[in-house]
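One-letter residues, chain by chain:
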Amino acid sequence: MKKTVTIIGAGMMGSALAYPAFENGNEVRLVGTPLDRDIIDGCIKDNKHLKFDIPFPQGIKYYQFEDWKTAVEGADFVIGGVSSFGVDWFLTEVLAHLDPSIPVLSVTKGLINLEDGTLISYPDYWKRELAKMGIDREVCAIGGPCTSYELVFHDQTEVAFCGENTAVLKMMKEAMATDYYHISLTNDVLGLESAVALKNGYALAIAMTIGLVNRKHGAEAGLHYNSQAGAFYQAVKEMRYLLEMQGASRDCENIGIGDLYVTVYGGRTRNIGILLGEGKTYQEALDILAGVTLESLVVARRVYAAMVRKAELGKADLGMFPMLCHAAAVLDEGKDAQLPWEAFTFDQTM
């Protein structure tokens with residue numbers, strides 16, 4: 001049955017979801033945040049996102065943010081397409097004013113560390129903050145190995161939708177699933193959200209190996225995979241430790257590993273990792289990538305801070321996370337990107 005889907009946030013991932021949503025026969029309304037004015041103006045003029053080569057399907061409706069309440073009238077559900085940096089903005093400007101009966105599906109990936117080192121998901125954070133306002137709302141979320149430009153290209157894509165209400169999840173899947181966009185469902189919100197957030201920080205560290213090869217041998221040496229694979233192994237090991245602490249299901253764990261793979265091989269996190277590996281300072285890398293949203297840095301810092309706090313409380317051993325500690329030191333202490341390879345080895349001999 002045809003649905004009405006309103007997407008708030010015209011960044012790359014929010015906008016990419018307009019393709020399967022519309023192509024599955026739904027009415028789709030794309031709303032820009034105050035930062036997306038040029039994007040929405042371009043969509044209205046040319047039916048094309050400024051950062052995508054492929055135009056939108058004809059028939060999608062576009063709105064500037066001041067008209068968002070009109071855009072959600074009669075919507076069967078809303079997709080939140082903001083980045084990690086827009087979490088509080090989405091809370092106060094949208095969720096606090098949205099009819100609680102309209103389900104919300106978020107594409108925002110990340111975690112928030114509490115004072116005791118506990119890591120909570122953005123849906124949990126929103127639910128807690130809305131409860132303080134007297135609003136009872138659940139927010140569902142999307143996670144999985146999916147980059148926006150590949151989704152626009154219609155490359156075969158596997159993701160998962162998570163939430164507490166199974167009937168709502170099934171409704172959203174029916175509305176969004178296509179012959180190229182495949183959706184698993186889970187009630188394990190913390191597990192899925194943790195898995196797809198953690199991969200950002202670890203993809204950063206893996207991508208440093210590419211830059212390290214460039215630094216030592218020159219970019220003309222091409223890609224070399226031993227170091228990438230060795231770092232990938234360590235990243236998976238540390239992610240699994242962390243996901244066990246989060247109580248994640250095995251399926252969510254596996255989704256996170258798939259997401260780690262695609263993030264290493266394409267996107268913004270790969271780019272900053274390479275620059276750091278080549279010897280650029282953190283600030284130099286930021287300057288080169290000016291204007292690019294780098295959520296991986298937020299995740300790496302928050303997870304590291306959480307583990308430091310848990311270690312202080314005797315609830316974690318930082319020695320189990322040498323790659324996480326290394327990434328944090330590169331970002332905030334000016335440490336060279338050269339990975340601590342020997343710290344990744346193990347000895348199980350008797």
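A brief look at the structure comes next. All values derive from a computational prediction rather than experimental measurement.

**What to know about the nonpolar core**
Judged by nonpolar contacts, the single largest core of 43 residues is most densely connected at Tyr 202, Leu 260, Ile 272, Leu 276, Val 303, Met 307 and Met 323. Broken down by secondary-structure element, the contributors of at least two residues to this core are helix H9 (189-217), helix H10 (225-245), helix H11 (250-265), helix H12 (268-277), helix H14 (295-312) and helix H15 (322-332). Ranked by residue count, the leading element in this core is H9, at 10 residues. Residue contacts for Leu 276: discarding those within four places in its chain leaves Leu 204, Met 208, Arg 215, Thr 281, Tyr 282, Ala 285, Val 330, Leu 331 and Ala 337. Of all hydrophobic cores here, the second largest spans 37 residues; its members include Ala 16, Cys 43, Tyr 62 and Tyr 181.

**Regarding the packing of aromatic side chains**
Under the defined criterion, the tally for this structure stands at 10 aromatic pairs. Measuring from centroid to centroid gives 6.2 Å for Tyr 122 and Trp 126, while their planes differ by 40 degrees, and the two rings are tilted. In this pair, Tyr 122 and Trp 126 both sit in helix H6 (residues 122-132), 4 residues apart, roughly one turn of the helix. Comparing Tyr 122 with Trp 126 shows no difference in burial state: the two are buried. Between Trp 341 and Phe 344, the aromatic rings sit 5.7 Å apart at their centres with planes inclined by 75 degrees, giving edge-to-face as the arrangement. Phe 344 sits in the buried class, given a relative accessible area of 3%. Put simply, the rings of Tyr 19, Phe 52, Phe 56 and Tyr 62 touch in pairs and so form one group of aromatic residues.

**Focus: the environment of Ile 135**
The topology assignment puts Ile 135 in the loop between H6 and strand S8 (139-143). Counting along the chain gives 36 residues from Ile 135 to Asp 99, while the straight-line C-alpha distance between them is 9.7 Å. Beyond its immediate chain neighbours, meaning those up to four positions away, Ile 135 contacts Ala 96, Pro 100 and Leu 130.

**Quick look at the sheet that holds strand S9 (residues 157-162)**
Taking strand neighbours across the sheet as the criterion, the 8 strands line up as S3-S2-S1-S4-S5-S8-S9-S10 in an open arrangement whose pairing is mixed. One side of each edge strand has no neighbouring strand; the edge strands of this open sheet are strand S3 (61-63) and strand S10 (181-186). Looking at each pair of strands side by side, their axes are set apart by 25 degrees on average, direction ignored. Here 3 bridges tie strand S5 (residues 104-106) to S8, and the two strands are oriented parallel to one another. Pairing of Val 104 across the sheet is with Val 139, part of S8. Together, strand S2 (27-31) and S3 form the strand contacts of helix H3 (residues 37-46), whose direction differs from that of S3 by roughly 150 degrees.

**Looking at the pairing of strand S4 (residues 77-80)**
Residue alternation in S4 divides its side chains into two sets, Phe 77 and Ile 79 and Val 78 and Gly 80, and both sets are buried. Here strand S1 (residues 4-8) pairs with S4 via 4 bridges, running parallel. Looking at the pairing, Ile 7 lines up with Ile 79 of S4. Alignment of S4 against S5, held across 3 bridges, turns out to be parallel. Its bridge partner being in S5, Val 78 is matched across the sheet by Val 104. For the handedness criterion, the β-α-β arrangement of S4, helix H5 (residues 87-95) and S5 is classed as right-handed.

**Quick look at the packing of H9 against H14**
The N-to-C vectors of H9 and H14 enclose an angle of 100 degrees; their axes lie 8 Å apart at closest approach. By the angle class used here, H9 and H14 are roughly perpendicular. Here Ala 197, Leu 198, Asn 200, Gly 201 and Leu 204 of H9 come into contact with H14, specifically with Ser 296, Leu 297, Val 299, Ala 300 and Val 303. Classifying every residue of the contact of H9 with H14 by side-chain character gives 7 nonpolar, 3 polar and no charged.

**Brief notes about unusual backbone geometry**
Even without being a glycine, Asn 47 presents a positive backbone phi close to 55 degrees. Locating Asn 47 in the fold gives a position in the loop between H3 and S3.

**A word on the environment of Asp 46**
Relative to the helices and strands, Asp 46 resides in helix H3. A sequence separation of 10 residues divides Asp 46 from Phe 56, and the C-alpha atoms of the two residues are 9.1 Å apart.

**What about the pattern of salt bridges?**
The full count for this structure, using the stated rule, is 16 salt bridges. Of the charged contacts in the structure, one is a salt bridge between Glu 253 and Arg 240, with a shortest N-O distance of 2.7 Å. One end of the pair, Glu 253, is in helix H11; the other, Arg 240, is in helix H10, and 13 residues separate them in sequence. Judged by relative accessible area, which is 33%, Arg 240 ranks as partly exposed. The shortest N-O distance in the salt bridge between Arg 309 and Glu 312 comes to 3.1 Å.

Reading the values: the criteria
Residues numbered from 1 in each chain as written. Predicted model: local features only at pLDDT ≥ 70, side-chain atom pairs only at ≥ 80, totals over all residues. Heavy atoms only, no water. Core = buried A, V, L, I, M, F, W, Y, C linked by side-chain atoms within 4.5 Å. Buried < 20%, exposed > 50% of the residue type's maximum accessible area, 1.4 Å probe, protein only. Helix = DSSP H or I, 4+ residues; strand = E, 2+ residues; numbered from the N terminus. Contact = heavy atoms within 4.5 Å. Phe/Tyr/Trp six-rings, centres within 6.5 Å; stacked < 30°, edge-to-face > 60°. Pairing = 2+ DSSP bridges. Axes fitted to C-alpha atoms, helices over the stretch in contact; angles between N-to-C directions. Right-handed = clockwise from strand over helix to strand, strands pointing away. Parallel < 35°, antiparallel > 145°, perpendicular 65-115°, else oblique. Nonpolar A, V, L, I, M, F, W, Y, C, P; charged D, E, K, R; others polar. Salt bridge = Lys/Arg side-chain N within 4 Å of Asp/Glu carboxyl O.

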